[in-house]
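# Secondary and tertiary structure notes
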Amino acid sequence: MRTDGTPLALVLAAAGSSERMGGGIKKEYLSMAGGTVLSEAARVFLESQDFSLVIITIPEGHKERAKEALLKDPSIAPLLKDTRLVFVSGGETRQQSVFNALKKARSILKDPDAVVLVHDAARPFVSRKIVKRVTSSAVRYGAAVPAVTPVDTQKQIAGNRTIQAHLKRSELRAVQTPQGFALEPLLACHKKALRQGRADFTDDSELWDAYPDCTGGRKVRVVEGDPANKKITFKEDMPAAVSAVKKNVTAGIRVGLGTDLHRLVPGRRLMLGGVMIPCDKGEDGHSDGDVLLHAASDALLGASGLGDIGSYFPPSDKKWKDADSADLIRTIWRDVKSAGWSLLNMDCVVETETPKILPWREKIISSMAGILGVNENQIFVKAKTNEGVDAVGRGNAIKAFCVCLLTQEAPE
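From a predicted model like this one, the values you see are computed outputs, not experimental measurements.

Calculation criteria
- Residues numbered from 1 in each chain as written.
- Predicted model: local features only at pLDDT ≥ 70, side-chain atom pairs only at ≥ 80, totals over all residues.
- Heavy atoms only, no water.
- Helix = DSSP H or I, 4+ residues; strand = E, 2+ residues; numbered from the N terminus.
- Buried < 20%, exposed > 50% of the residue type's maximum accessible area, 1.4 Å probe, protein only.
- Contact = heavy atoms within 4.5 Å.
- pLDDT = per-residue confidence, 0-100.
- Salt bridge = Lys/Arg side-chain N within 4 Å of Asp/Glu carboxyl O.
- Phe/Tyr/Trp six-rings, centres within 6.5 Å; stacked < 30°, edge-to-face > 60°.
- Lys NZ or Arg CZ within 6 Å of the ring centre and 35° of its normal.
- Core = buried A, V, L, I, M, F, W, Y, C linked by side-chain atoms within 4.5 Å.

### Looking at the environment of Gly340
Mapped onto the elements, Gly340 comes out in the loop between helix H12 (325-338) and strand E17 (341-351). Given the relative accessible area of 10%, Gly340 is considered buried. In this structure the C-alpha to C-alpha distance between Gly340 and Asp280, which are 60 residues apart in sequence, comes to 42 Å.

Dropping the structure here:
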């Protein structure tokens, strides 16, 4: 629900077969950014607005698979804490699937002023600013869609494949999702289309305009979209292109450097990146002493300009005694993401004479990626010895360095 009291529902359309992707797995379930295409699309909405209801349209029998894909990103479950999640079986067409979702939404949200956003779950590159623009305009005008001006000159083609009309590019827009509507009128449009046996509408904005008697004659408001808000249709659309897409939408790139050192003492666990490493000594620290997560925390805070780990979790505060460093960095990362930052990559070095880190490297990388909810290829960890020099070289201490690269979307 928005701060103005308008109940908000989100419909994520994911009932398609993904035949054009090939490979036998639905594109919404493919891995991306520490989760899946589905979770990445959902996360942006949940971080942008307070939704009373999220409905995901799915193929018959896919509820558990879809739920697993949605919750693969560990940040999703906390974001859904105050939001009802429902899975609805789709129909033979997208129009039928959305209709099923709208009927379910209306049965749950009794408020006649409720607003619904309908989004292709295969558009994981949607931005928070688009979500906010569409939501605001839909609440104000009853219907809103994001759109971008076509890059190429557009022509209307006749049946014999000759140019029939030369269209003015300045008057054309390529419409994207999410599309936002007053729920009650949109549902009335769908019901009327069903009664008339019409299933040829390509999106909900076309259907809305087809029945002005259901909508009070209100026209669809067009807000600025984003060329990066692409729909994944073919294999080549998958996140190999993510970095290229992000170049078009980032306003800031910041580097952060973090470092930490702890003495090694008997009777303590040795924790690195959230993984307990067998060793006869462990880090002597106020928390669990995980030097790698502490260095990563300071790198994230430094790049985002939000402070340092000491100001977040003062050693003088007894409540952080023996705290799990994974919980600490999750708190920091949540604040960094709330400030609009995304992680491009993180590179770490652990200085230790013993134990050897190489056998544990993949597990440490996997652990850190899971804690931050990112892909494992965004994090790398390597180890160095100090050749017997200083406390680290003598096996009395362990040290970690971390460098991270954060990107931030342009402000509205």
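### Looking at the side chain of His62
By the element assignment, His62 lies in the loop between strand E4 (53-58) and helix H2 (63-71). Discounting residues that sit within four places of it in the chain, His62 has contacts with Lys26 and Tyr29.

### Details of the confidence of the model for the chain
Within the chain, residue pLDDT values average 87, and 90% of them lie at 70 or more. Every residue in residues 240-250 is under pLDDT 50, and counting partners more than four places away or in other chains gives 14 contacts.

### Looking at the side chain of Thr135
The topology assignment puts Thr135 in helix H5 (residues 128-141). When its relative accessible area of 0% is taken as the criterion, Thr135 is described as buried.

### With respect to the pattern of salt bridges
For the coordinates displayed, the defined rule picks out 14 salt bridges. Linking Asp204 and Arg94 is a salt bridge whose minimum nitrogen-to-oxygen distance equals 3.6 Å. With Asp204 in helix H7 (residues 204-210) and Arg94 in helix H4 (residues 94-108), this residue pair connects regions lying 110 residues apart in the sequence. By relative accessible area, which is 3% here, Asp204 ends up buried. The partner of Arg106 in a salt bridge is Glu184, and the shortest N-O contact between them spans 2.7 Å. Taken together, the residues span a long stretch of sequence, with Arg106 in helix H4 and Glu184 in helix H6 (residues 183-195) at a distance of 78 residues. The structure contains a network of salt bridges with shared partners spanning Glu40, Arg43, Glu47 and Arg128.

### Things to note about the packing of aromatic side chains
Here the structure, examined in full by the defined rule, presents three aromatic pairs. An angle of 65 degrees between the planes, with centres 6.3 Å apart, marks the rings of Phe45 and Phe51 as edge-to-face. Phe51 shares its class with Phe45; the two are buried. Between Lys26 and the ring centre of Tyr29, over which it is positioned, the NZ or CZ distance is 5.7 Å.

### Some words on unusual backbone geometry
In this structure, Pro178 follows Thr177 across a cis peptide bond, with omega equal to 15 degrees. Mapped onto the elements, Pro178 comes out in the loop between strand E10 (174-175) and strand E11 (179-182). Phi at Arg161 is positive, roughly 65 degrees, even though this residue is not glycine. Examined against the element boundaries, Arg161 turns out to sit in the loop between strand E8 (155-157) and strand E9 (163-166).

### Points about the nonpolar core
Core analysis: the largest hydrophobic core is formed by 43 residues, its most contacted members being Leu300, Met346 and Met368. If you list the elements that add at least two residues to this core, you get strand E14 (270-272), strand E15 (275-277), helix H10 (291-304), H12, E17, helix H13 (361-372), strand E18 (379-384) and strand E19 (397-409). When near neighbours in sequence (up to four residues on either side) are disregarded, Met346 contacts Ala296, Leu300, Met368, Leu372, Gln378, Ile379, Phe380, Cys402, Val403 and Cys404. Grouped together as the second largest cluster of nonpolar side chains are 30 residues, Leu12, Ile76, Leu80 and Phe87 included.

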